[in-house]
Amino acid sequence: MCGCSALVAGGRAPPSSIPRRLRRRRGSSVRAEVSPGAESERKKVAVAGAGWAGLAAAHHLVKQGYDVTLLAAEDGPTEEVGLRGFWYPYRNIFALVDELGISPFTDWKKAAYYSAEGLAVEFPIFHNQPRLPAPFGVFAYPEFPNLTLIDRLTSIPVIAAVIDFDNTDTAWRKYDSMTARELFKMYGCSQRLYREVFEPAIQAALFAPGEQCSAAATLGMLYYYMLSHQENSDFLLCRGDVEEKIFSPWLQSLEMEGLKFVPNKVPSSLTIDTDSGCISAIICGDEIYKADAFVSAMGLSSLQSIVKNSPTLWSHQEFTNLLHLSTVDVISIKLWLDKKITIPNVANVCPGFDDSSGWTFFDLTSIYDDYYEEPMTVVEIEFYNASWLVTLSDDDIVSEASLHLIKCIPDFEGATVIQKSVRRSPKSVINFLPGSYKYTPRGSTSFPNLFIAGDWIVNRHGSFSKEKAYVTGLEAANRVVDYFGTGDFAKIIAVEGEEPHIETLRSLSRRANELKSQIPLSEFFLQ
């Protein structure tokens, strides 16, 4: 796999990526040894949610000798909806794939952005270009058929905000109160550049238009995927369904090591031991799963439902805070068409042409092993912020998807849908609304044996999407290890360090902010 051997080298994560209470006992961690006949003495851990986060937590805990039960809402592990690619900085996921000994990925692929006027941006494979200091490569190498140089130059002032945003709590609170659109307006971004480049990126990565997205979340996303290093915009794709190519062999390996996998179990509430102040069980309908520790690797809406059904949780602020957060509907459509259609790029990002939903489409014929030789075209379309689609019939959803495809690539007109698959995922991803950061949970909770993982929680690793979900799953496993005092900590590979000039500029920005805070009456004026 391209570049992965270099990515996974390096060993333990630096202290900044590990909670402080975990760092205190790193030097004294001891691997759990389970002797024959000692099964009943093993600590039991229940993990709710079988996506990237839940599998990651289960993966490490099983290897540390814990008795792990993984509860899945469906028949098997299911990938979270959202960004389909595997980007260059997904260093921990690439390390996992190497560990499993599988080869699920394509080579590096090209992507394009479309606007209502047609092709707006075509991205190259940045690995094939001479490396320029960040962020110049991402501005110099893409092709912008309709954007003038003046439009493109209006992106430069935004770099000041990117430099100022260093993923600290202070930075998140500073930028979280404004919308992404307000941020770009403040820094003088041209209307066309915003509409054709930044708005599609926001809608595809944060699942909502810029006026509904926090500027902080937008800055973190743009820096991670585009602006920190030139190659970060490059991505691979899975050569089939992730559930088949990655999750299935992963689950099989974990079951061989003793994992108990329980499908079709949706947690409805938690029970609490009032004497110890700990969680004692997860309730799934009529069934009760007791354990010594718990990892919630569910999506936001699922955890919100549990809060509503568990009166005791209402006395804990971090859980009532969850009810202030919002979610977004996603619709996934897979179409089999009766003829071969030339699609210039396998991955395509598009804004909503007549509504506030963004969408993407992928040429599965060029990606999946099973479709490559077939005399037809297979595409997958995902609509985000798609509440207007959820209530429509499958046929109406397919008609909308077809019309959108034709607007981007006219050759889709005249093609007949011979097979279709429509998957509704209501309230499936978090909406990073302005002001939401203060309500978003961290990995630990006020219950000493309950931990949270997922791509929507707050952590300091700096990653996004699948990689963040996987990393937070490992972080939750580390918290379990620390709680019991038994086992080794998972090795979490840090995000690649900043380039020297970015590090210098960030240092100067921090110093300027410190000096500004020391100015007399600095607290007097409205911030």
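From a predicted model like this one, the values you see are computed outputs, not experimental measurements.

Some remarks on the pattern of salt bridges
Now for step 1: This structure, assessed with the given rule, holds 24 salt bridges.
Now for step 2: Of the charged contacts, one joins Glu257 and Lys63 as a salt bridge, the two residues approaching to 2.9 Å between their closest N and O atoms. Of this pair, Glu257 sits in the loop between helix H12 (242–256) and strand S7 (260–262) while Lys63 sits in helix H3 (residues 52–63), and the two are 194 residues apart along the sequence.
Now for step 3: In this structure Glu257 comes out as partly exposed when scored by relative accessible area, which is 40%.
Now for step 4: Between Glu496 and Arg131 there is a salt bridge, and its shortest N-O distance comes to 3.9 Å. Note that Glu496 is positioned in the loop between helix H17 (465–484) and helix H18 (500–517) and Arg131 in the loop between strand S5 (118–122) and helix H5 (136–140), a separation of 365 residues in sequence.
Now for step 5: Assessed through its relative accessible area of 43%, Arg131 is described here as partly exposed.
Now for step 6: Overlapping salt bridges, with partners in common, bring together Glu79, Arg84, Glu380, Glu382 and Lys466 in one network.

Points about the packing of helix H10 (residues 191–206) against helix H11 (residues 215–227)
Now for step 1: Across the interface, H10 lies against H11 with an axial gap of 11 Å and an inter-helix angle of 95°. Considering the angle they form, H10 stands roughly perpendicular to H11. Contacts between H10 and H11 involve Phe198, Ala201, Ile202, Ala205 and Leu206 from the former and Ala217, Thr218, Met221, Leu222 and Met226 from the latter.
Now for step 2: Here the residues of the contact of H10 with H11 are counted per class, giving nine nonpolar, one polar and no charged.

Describing the side chain of Asn167
Now for step 1: Tracing the sequence through the fold places Asn167 in the loop between helix H7 (158–164) and helix H8 (169–175).
Now for step 2: A distance of 3.0 Å separates a polar atom in the side chain of Asn167 from a polar atom in the side chain of Trp172.
Now for step 3: Discounting chain neighbours no more than four positions away, the residues touching Asn167 are Trp172, Asn459, Arg460 and Gly462.

Remarks on the packing of aromatic side chains
Aromatic rings in a pair are described by how distant their centres are and how their planes are angled relative to each other.
Now for step 1: Counted according to the given criterion, the structure contains 35 aromatic pairs.
Now for step 2: Consider the rings of Phe86 and Tyr90, whose centres lie 6.4 Å apart with planes at 80°: the pair is edge-to-face.
Now for step 3: On the accessibility criterion, Phe86 (0% relative accessible area) is buried.
Now for step 4: Looking at Tyr90, the relative accessible area reads 0%, which means it is buried.

Reading the values: rules and limits
- Residues numbered from 1 in each chain as written.
- Predicted model: local features only at pLDDT ≥ 70, side-chain atom pairs only at ≥ 80, totals over all residues.
- Heavy atoms only, no water.
- Salt bridge = Lys/Arg side-chain N within 4 Å of Asp/Glu carboxyl O.
- Helix = DSSP H or I, 4+ residues; strand = E, 2+ residues; numbered from the N terminus.
- Buried < 20%, exposed > 50% of the residue type's maximum accessible area, 1.4 Å probe, protein only.
- Axes fitted to C-alpha atoms, helices over the stretch in contact; angles between N-to-C directions.
- Parallel < 35°, antiparallel > 145°, perpendicular 65-115°, else oblique.
- Contact = heavy atoms within 4.5 Å.
- Nonpolar A, V, L, I, M, F, W, Y, C, P; charged D, E, K, R; others polar.
- Polar contact = N/O pair within 3.5 Å; in protein donor to acceptor, adjacent residues only side chain to side chain.
- Phe/Tyr/Trp six-rings, centres within 6.5 Å; stacked < 30°, edge-to-face > 60°.

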